[in-house]
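# Examining the three-dimensional arrangement
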Amino acid sequence: MSEENNKDYEFVTETIKKKPLNKKRLAVNTIKSIGMGIIAGLTACVIFAIFAPIIYEKINPEKFDLVSIPEDESSVNTSEVEPDEETNLTQEEKVNSEIVKDDGGVEGEIPETNEIEEEISEPDKNNTEVKEQTETDENEESTETTGDDNTKTLIIQKEEITLSDYKKLYRDLSDVANVAKRSLTKVRGVTESTDWFNNPYETGDVSSGLIVADNGKELLIITNANDLDTSKEIEVTFCDGKTNKGKVKKADKSTGLVVVAVELEDIEESTKDAYATAKLGNSTIPTLNGTPIIALGAPLGIEDSMAVGTVTSNTRVIEYADSNIRYITTDIYGSVEGSGVLIDLDGNVLGIIFQGGTKQDTKNLIHAYSISDIKQKIEKLSNGQDVAYLGIIGTDVTKSAMEELEVPEGAYVKQVVVDSPAMNGGIQNGDVIVKLGTTDIRSFNDYRVAMSKCQPGDTAMVTVKRLGKDGYVEFSYEIYLEALK
């Protein structure tokens, strides 16, 4: 091919040049990268701030002393009494016959006569005769011994009660109340809300709280305001008027009882000197009916109010899942929104006032959870522990049912809660629980106490007796206990 033809087919040549730098776009991209880095860093900081305390608490949990609520002291056995050497009367007979007081007052009904002479003699057959005769000298009060050594004469005078006596009586009641008030607090749950114009504002109801214990780190207060766990913050005001922030330690949805914790290091020393831990009494004694009591806190719906009355009943029961709680009724007319405690004249707490659970015509009469029935619940809540849940509503097997219907002794299952561990495990209405784990169950109270010692997540062996065509047959079930919600 000739050179001329080669020139006709000469290839196109090109030179690649670098694109000029766009400084504006580079600056924009740099700013975007820096901004995204800042956002990522802030997000990481927020996530760390939220989850670091939780992770740290899981890895290094803060240690508290476990709270222990003492059980009720056993009552004195009056069947085992020793004779009194001076009068040859047993201690029980001496108590029943002793009606002389240090101030000359008379316990029980006041006789119509001005003075009564009681002559107590005990012959060889230990039969006691009491002779009463009227004395003429109203101002005389003495003790004499007449006849043989086994005869004792007691002369008692009747005294009229004056206005001064009434004043002293109520001063004494006020003194008891003032001492007990040291263990009371005001608990306020603060919540946020908005008005008609979308303006935010804070509100909160106040309920009475009772100081029950401390675990070395926190002061623990029981109250019956069951909406505290939804509050923005909690304020606890002590008897000296000082206020501290609190937090929910644990709540029991069924009863509405909540334990609120206040950090001990946040409480001023003057406040620590002012408050006192409550003395929890025994509300199961058979002689509680007719006992004078004082209602403190806000029983009348007014803060720091006080009312005096008597116990009218302590056998009424509210049925909860796995727990029957007796409540104390009184003749004190109060508020349906009242709160606080009932104490005896020694300052011991007998009950925690609650709302609801009574008949419509008695809703304004003050009533309270029997303190003996909720001591173990208070202990669990104070330790931040969940309550084990099996899910039965039950009662005792009566003596007549055992004798006439041959129902075995134990905790009678009136109802199995729907979708509860008990239902899923095979327990049925009408079963009688006779054993929980290795503990024999002879009453529903035995069952309640045994359940209080269980923990959620435990697998319990529940032994029941079920009525069949040939009588009661025993069955055993392994049931996984859940946490009470």
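The text that follows walks through the structure, step by step, so that each part is easy to find. Since the structure is predicted, the reported quantities are computational estimates derived from the model, not experimental observations.

Analysis parameters
Residues numbered from 1 in each chain as written. Predicted model: local features only at pLDDT ≥ 70, side-chain atom pairs only at ≥ 80, totals over all residues. Heavy atoms only, no water. Pairing = 2+ DSSP bridges. Helix = DSSP H or I, 4+ residues; strand = E, 2+ residues; numbered from the N terminus. Axes fitted to C-alpha atoms, helices over the stretch in contact; angles between N-to-C directions. 1 Å grid on protein atoms, 1.4 Å probe; cavity = no way out; pocket = protein on both sides within 12 Å on 5 of 7 lines; lining within 4 Å. Points joined across faces, edges and corners; volume = space filled by probe spheres on them. Nonpolar A, V, L, I, M, F, W, Y, C, P; charged D, E, K, R; others polar. Buried < 20%, exposed > 50% of the residue type's maximum accessible area, 1.4 Å probe, protein only.

As summarised here, the arrangement of the 6 strands in space is 12-13-14-17-16-15, forming a closed barrel in which the pairing is antiparallel. Across the sheet, the axes of successive neighbouring strands diverge by a mean angle of 40 degrees, strand direction being ignored. Relative to strand 17 (residues 365-370), strand 14 (residues 323-333) runs antiparallel, the two being bridged by 4 bridges. Bridge pairing in strand 17 links Ile328 to Ala368.

Scanning the entire structure with this criterion turns up 2 cavities of 30 Å³ or more. A volume near 220 Å³ is recorded for the largest cavity. Surrounding the largest cavity, 18 residues form its lining, Asp322, Ser323, Lys377, Val387 and Ser452 being those nearest its centre. Of all the secondary-structure elements, those providing two or more residues to the lining of the largest cavity are strand 14, helix 6 (371-382), strand 18 (388-389) and helix 9 (444-452). The dominant element in the lining of the largest cavity, judged by the number of residues it contributes, is helix 6, at 4 residues. Here the residues of the lining of the largest cavity are counted per class, giving 8 nonpolar, 5 polar and 5 charged. In this structure, the second largest cavity occupies an estimated 50 Å³ of space. In this structure, the second largest cavity is lined by Leu184, Ser208, Gly209, Leu210, Ile222, Thr223, Asn224, Ser339, Gly340, Val341 and Ile352. For the lining of the second largest cavity, the secondary-structure elements that each account for two or more residues are strand 7 (206-214), strand 8 (218-223) and strand 15 (339-343). Considering only residue class, the lining of the second largest cavity consists of 5 nonpolar, 6 polar and no charged.

This next bit is on the pairing of strand 8. A regular strand places its side chains on the two faces of the sheet in alternate fashion. Burial of strand 8 is extensive: 6 of the 6 residues sit out of reach of the surface. A two-sided burial pattern is seen for strand 8, the buried positions comprising Glu218, Leu220 and Ile222 on one face and Leu219, Ile221 and Thr223 on the other. In this structure, strand 7 lies alongside strand 8, joined through 5 bridges in antiparallel fashion. Within strand 8, the residue paired with Leu210 across the bridge is Ile222. Between strand 7 and strand 8, which follow one another and run antiparallel, lie 3 residues, and Gly216 among them has a positive phi close to 90 degrees. Inspection of the sheet shows strand 8 paired to strand 11 (residues 258-263) by 6 bridges, in the antiparallel sense. What sits directly across from Leu219, in strand 11, is Val262.

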